[in-house]
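Architecture and fold: a report
The residues making up each chain are set out below.
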Amino acid sequence: MVSKKRYRDLPVNVIMSLAIIISMLTLAAGLTSISYFSNRNTLVTEVEKASVKFTTNLNTQIHQLTESVQSTVKILEFDSLTSMGDLKSRKSRLPTLARIMRLNHVLSAVYVGYSNGDFFLLRTLKNDHAKEVLDAPENAAFMLQSIEYDVNKNKTVSWEFYDSNLALVKTSVPNEYSYDPRRRPWFAKAKSQDDVVLTSPYVFFSTLEVGTTFAVQNKGNGTVVGVDASITDISDFIHNLRSSSYTNIALVDQEGFVVGSPSDTPLVKYDAEKPRLIRVDELNVPALERLSALKNTDNPLFKMNVGGENWYGSTQSIATDSDQQWRILYTVPQHELLAEINDHLVSELLLSGLIILLLVGVGAIVGHSVSKPLRLLSSEVGALTSFDFSRKISVKSFVREVNQLSTLTNHMVLAIKNFQSISNELSRDPDLEKMLDHVCQNLVTITASESGAVFLCDESQKQLLLASSAKLDAPTLVSCEHFDWDTVKSNLEKALKFDDQRTFLAPLIERNNTMLGVLVLRLPANSPVNVDTAFQRFIEEVSGVAAAAISARKQFEAQQELMDAIMKLLADTIDAKSSYTSGHCDRVPELAELLAQAAIDASEGEFSDFNMTAMQRREFRIAAWLHDCGKITSDEHIIDKATKLETIHNRIHEIRTRFEVLWRDADVEYYKGLAEGKDPAQLERARTKTQTDLQDNFSFIANANMGAERMAAEDIQRVREIGTQTWERHFNRFEGLSHEELALASNTSESLPVTEQLLSDKVEHLVSWGKNLPPVQKDDPKNIWGFDMELPKYALNKGELYNLCVERGTLTNEERFAINDHMVQTIKMLSALPFPDELKNVPNIAGNHHEKMDGTGYPRRLSQEQLSIPERIMAIADVFEALTAADRPYKTAKTLSESMRILAFMVKDHHLDKDLFKLFITSKAYLSYAEKHLKPEQIDAVSQTQLFTWAGIEEPQMQIS
């Protein structure tokens with residue numbers, strides 16, 4: 001068998017691409033090499049010229065600057081300031097000196113030293129260092145330092161600080177200021193010469209800055225005028241002239257000290273806290289150190305190797321009219337110098353590569369002008385198998401059929417995506433109006449309609465309501481007497497006034513064939529969609545899904561309304577149970593929602609991040625309605641107990657009857673004594689005293705029964721003494737009693753008549769817990785709700801003495817527990833209800849409003865950290881409503897200021913939340929509630945400042961704009 005040699009075939013576009021790549025690589029390599037070496041030689045030449053130009057320019061600038069400063073000094077030599085003899089006259093020259101320094105930014109101070117030791121200096125405060133050393137105010141722009149000697153040679157030193165307008169802002173007297181201008185180098189040097197002198201760099205006395213001084217002597221009066229130029233100013237001047245960041249420059253004097261440099265290295269160094277200039281080697285630039293060691297002062301640009309690295313450098317001397325010999329050192333590293341060329345080389349290579357890639361791409365496009373779009377379209381369609389319908393399919397081609405296929409495929413994907421969106425909205429969005437808006441918009445997009453709308457039926461009003469509109473010009477109401485499809489369609493067509501065939505109507509019918517509404521779609525004039533049987537069937541199927549969702553939403557909203565109504569009904573039932581607490585369960589939710597809204601609206605402070613969703617608001621509102629639902633199990637006569645002896649009725653009437661018996665016994669004794677022949681006067685006195693005592697004692701007992709005032713120990717003792725009085729009972733007290741009452745008695749046999757005390761605590765007055773022991777103690781295994789309450793020994797104690805001796809109010813400990821137990825019952829009842837997740841916090845919000853911030857409340861002893869903001873809001877709302885309520889039998893309604901004062905002290909005692917109370921005041925929520933629910937005579941003035949003081953809260957500061 002003869003085997004045929006197989007050649008590896010390559011596509012034409014690959015061969016063309018390889019040829020282009022090889023040709024371009026060869027061309028690019030040649031051109032890049034020529035460009036690199038040519039640019040390198042040119043750049044070195046240009047840098048040499050630039051260095052000479054820079055140093056020459058810097059030399060010229062510094063020389064001009066020096067001449068400018070010298071001219072300034074020479075002008076000041078003959079200024080009248082040199083002959084003025086007191087500080088007041090010298091200050092008249094301050095504007096002139098300030099103007100001189102503004103015109104020459106290098107100057108940091110202008111001053112005059114007098115032969116008698118007087119000194120007058122104006123310093124500009126341009127940097128923070130000088131202000132810090134001199135303790136200058138922030139807005140100070142100038143500082144005046146003066147030394148003045150009087151005729152007795154007493155020295156006066158003063159420092160004055162001025163702003164930019166020469167307005168005085170501060171005056172100070174320095175401590176131990178021993179400055180004498182006559183001892184300074186500039187003074188001595190100027191005295192020794194006839195012309196302007198330039199000192200070597202030295203430390204300025206006041207600011208501890210290092211600089212140099214230009215000075216000249218007034219030959220007429222021996223006064224010396226001087227100006228200071230700080231090293232920082234010279235360095236800034238050099239920095240402004242430097243052309244690039246990698247250029248290293250230093251201005252040095254004849255001793256090698258650095259007078260100026262744009263380097264970040266500080267030019268001043270402290271030796272034993274004494275400042276000095278650094279040397280060149282301390283700049284940490286070896287190339288500059290190498291240049292400073294050259295003997296020749298002027299050196300053109302040359303190449304040198306320092307530490308294995310190539311550098312270019314040059315030096316040039318600065319011409320001055322003094323004995324100071326300064327030089328400019330200029331260096332630049334070779335790699336930085338050639339960095340631009342290297343970057344240019346890289347750019348050329350990248351450009352060549354891009355051109356190669358571009359040409360290869362052109363070849364590929366030409367070779368695949370037909371196949372590539374098809375492969376892309378195939379790839380996009382294949383991606384749909386992963387159910388990702390979010391991507392847009394847009395493939396462009398020279399072939400018309402490919403473009404059409406791409407457009408149709410993209411429309412199909414968009415339709416699927418919109419169906420997904422419709423499905424998502426139908427299943428998740430609880431807002432019917434919002435859901436209809438999304439569904440309507442998506443249907444318009446799917447069908448390529450220009451507009452659309454959804455109408456819902458309102459049978460009670462016999463009309464169609466516009467529920468959603470997507471760019472459709474339609475009326476909001478359409479009258480409709482009957483809701484069969486023919487009538488609805490006819491009425492809608494008339495109302496819409498569309499006389500063409502582009503408007504399509506589809507009924508929204510739920511499962512029981514009840515019409516819910518109508519879907520309206522209006523197709524564009526050039527729409528490719530035909531309103532045929534297939535399109536109609538498609539729209540009816542979609543509208544059927546929408547109808548099912550609308551029906552479900554309506555049922556959901558109806559269930560929510562029913563649930564809210566049941567909750568409200570329960571709250572109203574609790575209020576209706578007692579005429580005295582009527583309205584409490586209505587008013588507390590309203591007040592709580594006012595305070596919650598204030599917390600939501602807070603843009604700053606502790607509640608700036610607090611917010612509530614619509615579901616959380618509903619949860620809060622339901623909890624507020626049901627916050628006292630446990631009272632449905634509480635005995636009404638205990639909740640409304642107005643007197644101490646009140647049970648089902650007020651037992652003061654029984655006590656009064658016993659006093660009546662004793663009154664008549666006194667009459668009986670009186671007449672019995674007369675019959676026995678005793679002294680009538682003595683008998684009358686005895687009867688009168690007994691009956692007077694009875695009247696007084698009953699009044700005392702009746703007053704104690706009211707519980708209006710706190711009972712002192714002597715009052716309790718008197719009650720017990722009155723109770724020891726006896727009376728005779730002739731009727732069996734066990735006759736006519738219920739089985740429950742008989743069960744409480746220990747012994748039902750007695751021998752009549754019986755002598756009894758006027759007031760007594762009997763065994764049958766004690767009601768034990770029995771099997772009804774509530775699981776409220778912390779260690780009770782049946783306590784699954786976290787209660788932590790003290791349980792009284794008995795469920796109830798009806799003892800007459802026991803009740804009358806209650807120190808405060810009308811309630812015994814047992815009755816107070818019975819009232820507090822309503823919170824236990826609230827939590828137990830609500831916890832037993834199968835609330836959905838969005839309402840799971842209702843039991844806690846409703847049941848924790850008697851907790852205190854310090855953890856001493858009931859029924860769980862929760863602290864502030866364990867209570868949510870809605871729970872703490874409920875606590876304030878419940879207390880404030882109770883204080884201001886005017887329908888309680890056991891107390892009078894308090895005024896607004898009294899109620900707020902009590903709240904403030906409860907905050908101080910850590911019973912109520914401090915931040916919420918502060919918000920309650922500042923938001924005026926209390927006033928909004930008061931204006932609606934309090935009587936006019938209850939609403940009085942409230943002092944915010946006083947409330948904050950009582951509560952121990954810092955009053956917020958007013959914002960001044």
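So, here is what we can say about the structure in this document. What you see is a predicted model; the values in this text were computed from it and never measured.

With that out of the way, let us pick up the overall build of the protein chain. The number of helices and strands found in the protein chain is 29 helices and 25 strands. Each of the 961 residues in the protein chain was classed as buried or not, and the buried ones make up 45%. The contacts of the protein chain with a sequence gap of at least 6 include a subset with a gap of at least 24, amounting to 59%.

Let us look at the layout of surface pockets. With a probe scaled to a water molecule rolled over the atoms, the places where space remains empty come into view. Looking at the second largest pocket, its volume works out to about 990 Å³. Lining the second largest pocket are 29 residues, with Arg651, Glu741, Glu764, His765 and Lys798 sitting closest to its centre. Elements that contribute at least two residues to the lining of the second largest pocket include exactly helix H18 (652–675), strand S22 (726–729) and helix H21 (739–744). With four residues, the top contributor of residues to the lining of the second largest pocket is H18. Residues belonging to the lining of the second largest pocket are distributed by class as follows: nine nonpolar, seven polar and 13 charged.

This next bit is on the pairing of strand S17 (residues 451–458). A large share of S17 lies buried, amounting to eight of its eight residues. Side-chain alternation along S17 places Ser451, Ala453, Phe455 and Cys457 on one buried face and Gly452, Val454, Leu456 and Asp458 on a second face that is also buried. The pairing of S17 with strand S21 (residues 515–522) spans six bridges and is antiparallel. Considered in S21, the bridge of Gly452 is made with Leu521. In this structure, S17 lies alongside strand S18 (residues 463–470), joined through six bridges in antiparallel fashion.

Attention now moves to helix H13 (residues 485–496). Side chains that are three or four residues apart share a direction in an α-helix, a result of its 3.6 residues per turn. Given a rise of 1.5 Å per residue, twelve residues ought to cover 16 Å, and the 16 Å separating the end C-alpha atoms of H13 matches this to within 8%. Packed against the buried residues of H13 are S17, S18, strand S19 (477–479), strand S20 (503–509) and S21. Positioned one or two residues after H13, Lys497 has a phi angle of 60°, which is positive.

So, about the packing of aromatic side chains. Here the structure, examined in full by the defined rule, presents 13 aromatic pairs. Between Phe119 and Tyr179 the ring centres are 4.8 Å apart and the planes differ by 50°, which places this aromatic pair in the tilted class. You can see Phe119 sitting in strand S2 (residues 119–124) and its partner Tyr179 sitting in the loop between strand S5 (168–172) and helix H5 (185–192), a full 60 residues away along the chain. Across the pair, Tyr179 and Phe119 agree in class, each one buried. Relative to Trp186, the ring of Phe119 has its centre 6.5 Å away and its plane inclined at 40°; by these criteria the two rings are tilted. With Phe119 in strand S2 and Trp186 in helix H5, this pair connects stretches of sequence that are 67 residues apart. Note on accessibility: Phe119 and Trp186 belong to one class, buried. Taken together, the ring pairs in this structure connect Tyr111, Phe119, Tyr179, Trp186 and Phe187 into an aromatic cluster. The ring centre of Tyr114 lies 4.0 Å from the NZ or CZ of Arg90, which sits over that ring. The side chain of Arg718 reaches across the aromatic face of Phe700, ending 4.3 Å from its centre.

About the criteria used
- Residues numbered from 1 in each chain as written.
- Predicted model: local features only at pLDDT ≥ 70, side-chain atom pairs only at ≥ 80, totals over all residues.
- Heavy atoms only, no water.
- Helix = DSSP H or I, 4+ residues; strand = E, 2+ residues; numbered from the N terminus.
- Buried < 20%, exposed > 50% of the residue type's maximum accessible area, 1.4 Å probe, protein only.
- Contact = heavy atoms within 4.5 Å.
- 1 Å grid on protein atoms, 1.4 Å probe; cavity = no way out; pocket = protein on both sides within 12 Å on 5 of 7 lines; lining within 4 Å.
- Points joined across faces, edges and corners; volume = space filled by probe spheres on them.
- Nonpolar A, V, L, I, M, F, W, Y, C, P; charged D, E, K, R; others polar.
- Pairing = 2+ DSSP bridges.
- Expected span 1.5 Å × (residues − 1).
- Phe/Tyr/Trp six-rings, centres within 6.5 Å; stacked < 30°, edge-to-face > 60°.
- Lys NZ or Arg CZ within 6 Å of the ring centre and 35° of its normal.

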